[in-house]
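What the coordinates show
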Amino acid sequence: MILIRGGRVLTVARGTLEDADVLVDGNRIAAVGPHLDAPDDAEVIDARGKWVMPGLIDCHTHLGLDEEGNWDDTNELNEMGDPVTPHLRAVDGFCPQDAAVAQAVAAGVTAAVVTTGSIQVLSGQAAAVKLIPGASLDEALVRSPVGIKGGLGENPKKHYGKLGKYPTSRMGVAACLRQAFADAVSYRGGWRPEAARDGEWDPAAKAESLQPLLDNAVPWRVHAHRADDILTALRIASEFGIKVVIEHGTEAPLVARELAAAGAPVVLGPLGLTAPMKQESCFPTLGGLDRLREEGVLFSFTTDHPVLSLASLPAVAACAIRAGLPEEDALKAVTLDAARILGIPERLGSLEAGKDADIAIATGSPFDYRTVVETVLVNGTLVVRPSRPS
Amino acid sequence: MLALRAGGLVLPGYPAPVPGVIVVDPDRGTVAEVGPDVREPAGSEVIVLEEAVIGPGLIDCHSHIGLVEMGGGDMGDDLNELTGPLMPQVRAIDGVNWYDPAFERAVSGGVTAVGVLPGPGNVVGGQAVAIHTWGRPGERVLKHPAGMKCALGELPKRAAGRRGGSPQTKMAAVALLRQSMCGGREYARGTASGGRAPGRRDLAAEAWIPVLNGDIPLRVHAYRAAEIEQALGVAREFGVRMVLEHAPESPRLADELAERNVPVVCNPYFTSPSRREQMAAGPDLPALLVSAGIAVAISTNHPEISAWSLRHAAGTSLRYGMSWRDAIAAITETPARILGINGVTGSLAAGKYADIVVWDGDPLDWRTKPLAVFIRGRRVWGGAGSAR
């Protein structure tokens, strides 16, 4: 057992407790509260004067697919030869030895969703992983799939437009997508496609891989920046009765009411730190966060790693604070709300008994650049230790 | 209730504006009463506009607004899915950018509804949508699908030439159209008979069902008389409704078009022909067709000319023999019928949406302008408290 003693505990789910303890038993949190009893042999971490918080979560990254130092000229995200490959799994391309893992966890980020890309209409299955330096794939994996990823807007338009290959227009992208979903429905109804021809993916495998979407077991995670692309995503999701998460959502504030009505969350970003390099990503999202809050839209923030490094997640969220988001809401966005969006809130995102012991202990607010994250536990194991006496 | 007393009301059947009152129900967004003999209801807000002409919001039934975005470049161009000649499955509703700044211009020109059509690059271009030009996107859709866009002639050939596929010839274009429709008919028969082995839902074939059922028309882009005849043949073969688009050589077939009730959507006469097939285009086309008993709509073909210039295009036809009444109908009632939205908009009538324009003079006069534009009873242009 590990007792984290006397810290300022940001539970996220149940407010902030001053001078409180967190007791870790194995890989779970056993208790949170003031003056907890612990066995004599429990390891004690003195957190007096420190901030104790849940590890941060980025629910849209390409970690371990486009590896650090090797992503500029290579592509591990999109199997672009076919615009529809929902049967491909991010976990099958994931490299847990990505150098970014150690950097991110040192910044207090303890979990991430690893997604395929957005050039294709449907690119593959996203996985949730823990950030544990030196871990094997098995040890890092939390769950797969946690969503089916795809793209609307400029990415598929640009790529397939250059090739002159279907689909090259927003109309075509939507039609291609709709047929893929319709095939999944037909498959469920007993339709069995002919076997794949040489060089083509098996249409039955595609249709089968979309069944969790029809079951509402996982959401469709769709790259959509522009408001019209977001509305297209909501329209198609509603036609097939599937759950949808909007990725990037640059113009989401324009359609906050529609997002709220559809119950669709948005993973915003990368915000604030990057220069928009596409037409679709130019809208000043940060100025519209209030609209999303007023309508009650669930949102989180992403680095889109490696677009921004995963370690910069707190800096991205800090940009939202600068734009007026209360600090506790920013923290919730990159912890508990991220866990809700990726679909595992019962295990991740807050300091509560029974949840995974993914905990960061820092010298101050996670959104202050002077703060040092001294200690990090993932699954109850110390993966970052203080580099100097505290 | 809001009662507007105007020096002129543009009403169906009247050869010129007549003085009268229009009463708007702002809660329902509809017209409660309208006519020369209507009185302001007790308790209503009354606005007297003795100098103004109040008419129905204008309707442009052949537009590419939102598909080709103003200043949008390649990334804002979703006009055609050019990767194959047959794209019945694609939908304009999925390509429209509801935030295209051109919509604001359309409203400023008194245009309150548009038919957005996929482009002419394919033999079958896809499904059209009828939308209001302003409002929250989800509330703007008036009808989807509102037509199936098809194209014969030079453009689908040109696209296929670049792509290296079919149609390389005009005969192949007609054959491809027929093939696509046959696929839809086979599919519809299979769906109707039921009881087969579990089948695949084929969205390309399914898209033909509302055309084959007569719910929506084929909207056929055709310039040359021969192509018009070929299109008429296909429509007859499949027993479907058809609307001709552009069709400068349509007067050659006037009798047949009139007999078969095929409307023609005329281009604006403001641009010079850029292709051989356009050479017959003349400013007297709408008048010629009307005199032959053919229903005529006039369009901007936006972005051929800007969406806001619709009434300028109609006004021009007056110089070449069109009556005022027919020119008004060509940008209101007729395009509403073509789009299948005449039950809810397209004229000032009790029960229809209060899609209304207050003009400072004759709507067809090049020199006049809208003072206020209402969509579903909400002021979206002009005056204090307007939506912008």
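Shown above is the structure to which this text applies.
Owing to the predicted nature of the structure, the values given are computational and were not obtained by experimental measurement.

1. Some details on the packing of aromatic side chains
Residue and element names in this part refer to chain A. For the structure on display, the rule yields three aromatic pairs over all chains. Ring centres of Phe181 and Phe240 lie 5.6 Å apart, and the angle between their planes is 70 degrees; on these two criteria the pair is classed as edge-to-face. You can see Phe181 sitting in helix H4 (residues 170–188) and its partner Phe240 sitting in helix H7 (residues 227–240), a full 59 residues away along the chain. The same class applies to Phe181 as to Phe240, namely buried. Centroid distance Phe299 to Phe301: 5.7 Å. Interplanar angle 65 degrees. Geometry classified as edge-to-face. Residue class for Phe299 comes out buried when judged on its relative accessible area of 7%. An aromatic cluster is defined as three or more aromatic residues linked by ring pairs; in this entry it consists of Phe181, Trp220 and Phe240. One cation-aromatic arrangement involves Arg8 over Trp51; the distance from NZ or CZ to the ring centre is 4.4 Å.

2. What about the nonpolar core?
If you look at the biggest cluster of nonpolar residues, it comprises 170 residues, and the most contacted ones within it are Leu63, Leu131, Phe181, Trp220, Leu259 and Phe301 of chain A together with Trp208 of chain B. Setting aside anything within four residues of it in sequence, one finds Leu259 of chain A in contact with Ile230, Leu234, Ile246, Ala252, Ala264, Val266, Leu292 and Val297 of chain A. Counting 18 residues, the second largest nonpolar core, distinct from the first, contains Ile22, Val34, Ile54 and Val358 of chain B.

3. Remarks on H4 of chain A
Residue and element names in this part refer to chain A. An ideal rise of 1.5 Å per residue puts 27 Å on 19 residues; H4 measures up with 27 Å between its terminal C-alpha atoms. Counting buried positions along H4 yields 17 of 19 residues, so the element is predominantly enclosed. Gly190, located one to two residues past H4, shows a positive phi value of around 115 degrees.

4. Remarks on the pairing of strand E10 (residues 148–151) of chain B
Residues and elements named next belong to chain B. The alternating pattern of E10 places Met148 and Cys150 and Lys149 and Ala151 on opposite faces, both of which are buried. As judged from the three bridges shared by strand E7 (residues 124–127) and E10, these two strands associate in the antiparallel manner. When the sheet's bridge partners are listed, Val124 is paired in E10 with Cys150. Sheet topology places E10 next to strand E11 (residues 218–222); four bridges connect them, and they run parallel. What sits directly across from Met148, in E11, is Leu218.

Here is what the cut-offs are and how they apply
- Every chain is numbered on its own, with residues counted from 1 as its sequence reads.
- Chain letters and ligand numbers both follow the written order, the letters beginning at A and the numbers at 1.
- Given that this is a predicted model, residues contribute local features only at a pLDDT of at least 70 and side-chain atom pairs are listed and counted only at 80 or more, while totals for whole chains, interfaces and linings are drawn from all residues.
- Values shown for side chains rest on all heavy atoms present in the structure; no hydrogens or waters enter the calculation.
- When the centres of two rings from Phe, Tyr and Trp lie within 6.5 Å, Trp using its six-membered ring, the rings pair. Their planes under 30 degrees apart give stacked, over 60 give edge-to-face, and anything left gives tilted.
- We count a stretch as a helix when DSSP gives it H or I for four or more residues in a row; a strand needs E for two or more, and each element gets its number in order from the N terminus.
- Exposure categories follow from relative accessible area, calculated using a 1.4 Å probe and restricted to protein chains: below 20% of the type maximum is buried, above 50% is exposed, and the middle band is partly exposed.
- Any Lys NZ or Arg CZ that is within 6 Å of a ring centre and within 35 degrees of that ring's normal is treated as a charge sitting over the ring.
- Note on terminology: a nonpolar core comprises buried Ala, Val, Leu, Ile, Met, Phe, Trp, Tyr and Cys residues joined through side-chain atoms within 4.5 Å.
- Note on contacts: a residue pair qualifies if any of its non-hydrogen atoms lie within 4.5 Å across the two residues.
- What a helix is expected to span follows from its residue count: subtract one and scale by 1.5 Å.
- Pairing between two strands is assigned when DSSP locates at least 2 bridges connecting them.

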